[in-house]
Amino acid sequence: MKKLLLAVLCYIPSLLFSQTTSKAKDIVSKMSLDEKVKLVVGMGFKMPAMPNTNKKDSSKDVLGISLPPISKEDASIPEKVPGAAGRTHGIARFGIPILTLSDGPAGVRITPKRENDTKTYFATAWPVGTLLASSWDTALVKQVGVAFGNEVKEYGIDVLLAPALNIHRNPLGGRNFEYYSEDPVIAGNITAAMVNGIELNGVGTSIKHFAANNQETNRNSINTIVSERALREIYLKGFEIAVKKSQPWTVMSSYNLLNGTYTSESPELLTNILRKEWGFKGLVMTDWFGGKNAVVQMKAGNDLLMPGTTIQQAAITEAVKLGNLDEKVLDENCERIINLVLMSPTYKGYKYSDKPDLKAHAQVSRKAASEGMILLKNNHVLPLQYKTIALFGNTSYNFIAGGTGSGDVNKAYTVSLLDGLKNAGYNISSNLKKDYQEYITAAKAKQPKPKFFFDIIPPIPELGISNEMANEQANTTDAAIITIGRNAGEGADRKVENDFNLSAIEQGLINTIVSAYHAKNKKVIVVLNIGGVIETASWKDNVDAILLAWQPGIEAGNAVADVLSGKVNPSGKLATTFPVSYTDVPSAKNFPGKELDPKAPGHPLFGKPAEVVYEEGIYVGYRYYNTFNIKTSYEFGYGLSYTTFKYSNLKLSSTEFNKGKITAAVTITNTGKLAGKEVVELYIAAPSNGLNKPNEELKAFAKTNLLKAGESQTLHFTITANDLASFNTNHAAWIADAGKYTVKIGASSTNIKESASFNLPKEIIVEQVSHQLVPKVTINELIK
């Protein structure tokens, strides 16, 4: 039944594209050159409260930077949805309307208050991508997508600029919170679930950033140098899965160069791989101001240039007139855009309400948040039986719903941990609360205002807690909760000191509270309200419990309280590894690359020319740690529960792979006292036959139902030749090598519960492709 549903979901967008293509061709055949050019170039970057700096053309000034001009005519057309990221041109004589495109990955990002309007236009802040992936639950993610897409539609938006699925190559990546995982199987399947949910509403998505966009430092100018194999197996595979399982309406090309060519200017990436190999039906758009050459972008198959400038319009027009751009190429670009228009709610005349059911959606967000939180440690303290709690850490009172930049959301509220625990019936130390709230209020008043929507304001330093204060709280409360907060976002990567690593004040806070409470034989719990991985190895043994709450969205505090109290049994597992030290990270030595001319003047937004070489190759995340026996603080796939589970009766349908597939079945039994869910992970260890391979790779996963104490469920997995294949660069082919394959069923990537083997008697060439995006330099790749 699941396979049938997946087939239907994949068929629906393909059917829509096929139905619109003939009409699009007819419209394009009647369009003038000027109309075609307008259609492929957006209406420009229009942000509120930014002055007009050009008398001839409307040009915006951001942080003292003059952006490329847009026409006065475009600037004068009122936005249907103020605060949306961009618009496409309409062509009235063909009934083609202006389409509205909006950020972002964690919720619709639009202006919440409008001129001469007393109403508000807030949106739900959903749990960040990393949290959703930590649920390992595609059905849950699809539910979020359905509610998310409803807000897109009811606010009059046609295309959501999300989801984002770049790989967690390095824990310092500034936008890792938007992304799902270090593993492409999780990233691709979670993306497909989100796309399918959103697009059920009849609105579009734009999966991004395609491809190998794994850092913010010099993001517009960085040349990512990566081998064909690592590119295919790690950085493209998630996109391939998402395209084949969901057919998103659009794909967004990334800012970076890839082996010497801007992704938005690469026919090998956008045409040969995306369209010809994977069968993508939709359009490709640039990231905002991505790439350099509008004419080359058209030829590459990058159909829509966003946000659009008059300079791009002039360049394309001139190229066609001079014969440097075949108008047939432009016609194809236009047809794909019109196909999108014909599917859009605006074209269909949908009467949007501006009133999505935010109350109902908040409950969806709360449920999703609690399902993706991860219990990292529990020394007989959770579920929380104590009633009087001392809350330490600024973030306990000022919880972080999500990251910054285009991944931020204008939301009506964020439930703090303070309020969440109070709502759950806990008593919170009032004098400690007063100290924190007065301190935070005073410190916030001194903070600078953000200059731009992705300007990251430095966090408020932690309130110092003296031994006397700690002892007083230990005497009067039953337990302590310390919240550690982190935030990051678009435009900058994180740092090791005072970000990946705890600050000296944070380390001191933990030590002080632990000393005071343990002296009274009382427990200390740490809640991690973070968007990306941090160091835990140096302090985790000192505390009694650790809950990784990530950035849980609008209902944050309520969702955390649901888990701490036991109302929800935690079932999340890590989709990204927590290393012992940053120096253990395989890309630590070359992240974020090097600037080619450090003395060159850099652009405040776009950076300097730079390059980064992915010397770790395919050994990203657990593929590295497991293969090279590097100890981690918390391994990929790890997560605890308030109950226990037994894995048993792993059975393969055959010991020989000779009919195109093998099925695996395993039984999961709840052996504890509380109802709970278990994420089950299927890894495969493959024969090398001369090709360097990781010890094992994730190939499938599933989550059980909510199992009562003593209840069992048998899960079934299908293993195909695709799951056995590695990319063989010498042959430019996906090849399943002959030999012994071991299926490993685990509670994490290292906690393998059951295993069984089968034999592939003869090598299978699963897919013959061609050499694409070949690096121009030799890469000294890591091998085992």
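Trainee: An account of the overall build of the protein is requested, with residue identities and associated values reported.
Mentor: When helices and strands are tallied, the protein shows 22 helices and 31 strands. For the protein, the C-alpha radius of gyration of 26 Å lies close to 28 Å, the compact-globule estimate for 784 residues. Each principal axis of the C-alpha atoms in the protein carries an extent, and together these give about 80 × 70 × 55 Å. Nonlocal contacts in the protein, meaning residues at least 24 apart in sequence, comprise 78% of its contacts between residues at least 6 apart. Total accessible area on the protein stands at roughly 29,400 Å², and carbon and sulfur atoms take up 51% of it. In the protein, 85 positive and 75 negative side-chain charges are present, and the distance between their average locations comes to 4 Å.

Trainee: A description of the packing of aromatic side chains should follow, citing residues and the corresponding values.
Mentor: The full count for this structure, using the stated rule, is 21 aromatic pairs. Ring geometry for tryptophan 136 against phenylalanine 636: centres 5.7 Å apart, planes inclined by 55°, an arrangement best described as tilted. With tryptophan 136 in the loop between helix 4 (129–134) and helix 5 (138–154) and phenylalanine 636 in the loop between strand 21 (632–634) and strand 22 (645–652), the pair connects residues that are 500 residues apart, well separated along the chain. The burial state of tryptophan 136 is the same as that of phenylalanine 636; both residues are buried.

Trainee: Can you break down the sheet that holds strand 30 (residues 752–760) residue by residue, with the values?
Mentor: Ordered by their spatial adjacency, four strands build an open sheet running 25-24-29-30, and the pairing between neighbours is antiparallel. A single partner strand is all that each edge strand has here, and the edge strands are strand 25 (697–703) and strand 30. Neighbour-to-neighbour, the strand axes of the sheet open up by a mean angle of 20°, direction not taken into account. Of the strand pairs in this sheet, strand 29 (residues 739–746) and strand 30 are connected by eight bridges, and their pairing is antiparallel. Bridged to tyrosine 741 within strand 30 is phenylalanine 758.

Trainee: Lay out the confidence of the model for the protein in plain terms, naming residues and giving numbers.
Mentor: Across the protein, the average pLDDT comes to 94, with 95% of residues at or above 70. Residue range residues 48–60 is modelled with pLDDT below 50. Its contacts to residues more than four positions away, or to other chains, number 33 contacts.

Trainee: Which residues make up the sheet that holds strand 23 (residues 661–670), and what are the values?
Mentor: The three strands are arranged 22-23-26 in an open sheet whose pairing can be described as antiparallel. Of all the strands in the sheet, just strand 22 and strand 26 (712–720) have a single pairing partner and so form its edges. When strand polarity is set aside, the average angle formed by the axes of neighbouring strands in this sheet is 20°. Of the strand pairs in this sheet, strand 23 and strand 26 are connected by nine bridges, and their pairing is antiparallel. The residue bridging isoleucine 662 from the neighbouring strand is isoleucine 719, located in strand 26.

Trainee: Quick one: what's the story with the pattern of salt bridges, residue by residue and with numbers?
Mentor: Two side chains bearing opposite charge may form a pair once their charged atoms approach each other closely. Per the stated rule, a full pass over the model turns up 35 salt bridges. Lysine 25 is paired through a salt bridge with glutamate 335; the nearest N and O atoms lie 3.3 Å apart. Of this pair, lysine 25 sits in helix 1 (residues 2–29) while glutamate 335 sits in helix 12 (residues 327–343), and the two are 310 residues apart along the sequence. A residue is classified by how much of its surface remains accessible, and glutamate 335, at 14% relative accessible area, is buried. Between arginine 486 and aspartate 499 there is a salt bridge whose closest N-O contact spans 3.6 Å. In this pair, arginine 486 is assigned in the loop between strand 15 (479–485) and helix 18 (496–500) and aspartate 499 in helix 18, connecting sequence segments 13 residues apart. Residues joined in a network through salt bridges with shared partners are Arg175, Glu178, Glu216, Arg219 and Glu490.

Trainee: How would you sum up helix 8 (residues 237–246)? Please name residues and give values.
Mentor: Because an α-helix packs 3.6 residues into every turn, residues spaced three or four apart end up facing the same way. The buried fraction of helix 8 amounts to eight of the ten residues, a majority that puts the element mostly inside the structure. Among all positions of helix 8, only Lys237, Gly238, Phe239, Glu240, Ile241, Ala242, Val243 and Ser246 are buried. Where helix 8 ends, the next residue or the one after it, glutamine 247, has phi of about 40°, a positive value.

Trainee: Go over the nonpolar core with me, naming the residues and quoting the values.
Mentor: In terms of nonpolar packing, the biggest core is built from 155 residues, with Phe210, Phe392, Ile481, Ile513, Leu528 and Leu564 touching the most fellow members. The element contributing the most residues to this core is helix 6 (residues 184–199), with eight residues. Setting aside chain neighbours within four positions, we find phenylalanine 392 in contact with Leu432, Tyr436, Ile465, Gln473, Ala480, Ile481, Ile482, Thr483, Leu509, Ile513 and Tyr517. Grouped together as the second largest cluster of nonpolar side chains are 47 residues, Phe289, Met298, Ala319 and Met343 included.

Trainee: Can you lay out the packing of helix 13 (residues 358–372) against helix 20 (residues 556–565) for me, pointing to particular residues and giving the numbers?
Mentor: The geometry of helix 13 relative to helix 20 is characterised by a closest axis approach of 8 Å and an angle of 45° between their N-to-C directions. Comparing their axes, helix 20 and helix 13 come out oblique. The way helix 13 lies across helix 20 gives a crossing that is right-handed. For the pair helix 13 and helix 20, the contacting residues are Arg366, Ala369 and Ser370 in the first and Asn558, Ala559, Asp562 and Val563 in the second. When grouped by side-chain class, the residues that make up the contact of helix 13 with helix 20 number three nonpolar, two polar and two charged.

About the thresholds
- Residues numbered from 1 in each chain as written.
- Predicted model: local features only at pLDDT ≥ 70, side-chain atom pairs only at ≥ 80, totals over all residues.
- Heavy atoms only, no water.
- Helix = DSSP H or I, 4+ residues; strand = E, 2+ residues; numbered from the N terminus.
- Rg over C-alpha atoms; globule rule 2.2 N^0.38 Å.
- Contact = heavy atoms within 4.5 Å.
- Areas by Shrake-Rupley, 256 points an atom, 1.4 Å probe, with all protein chains shown as cover.
- Lys, Arg positive; Asp, Glu negative; His and termini not counted.
- Charge placed at Lys NZ, Arg CZ, Asp CG, Glu CD.
- Phe/Tyr/Trp six-rings, centres within 6.5 Å; stacked < 30°, edge-to-face > 60°.
- Buried < 20%, exposed > 50% of the residue type's maximum accessible area, 1.4 Å probe, protein only.
- Pairing = 2+ DSSP bridges.
- Axes fitted to C-alpha atoms, helices over the stretch in contact; angles between N-to-C directions.
- pLDDT = per-residue confidence, 0-100.
- Salt bridge = Lys/Arg side-chain N within 4 Å of Asp/Glu carboxyl O.
- Core = buried A, V, L, I, M, F, W, Y, C linked by side-chain atoms within 4.5 Å.
- Parallel < 35°, antiparallel > 145°, perpendicular 65-115°, else oblique.
- Left-handed = near helix turned anticlockwise from the far one by under 90°.
- Nonpolar A, V, L, I, M, F, W, Y, C, P; charged D, E, K, R; others polar.

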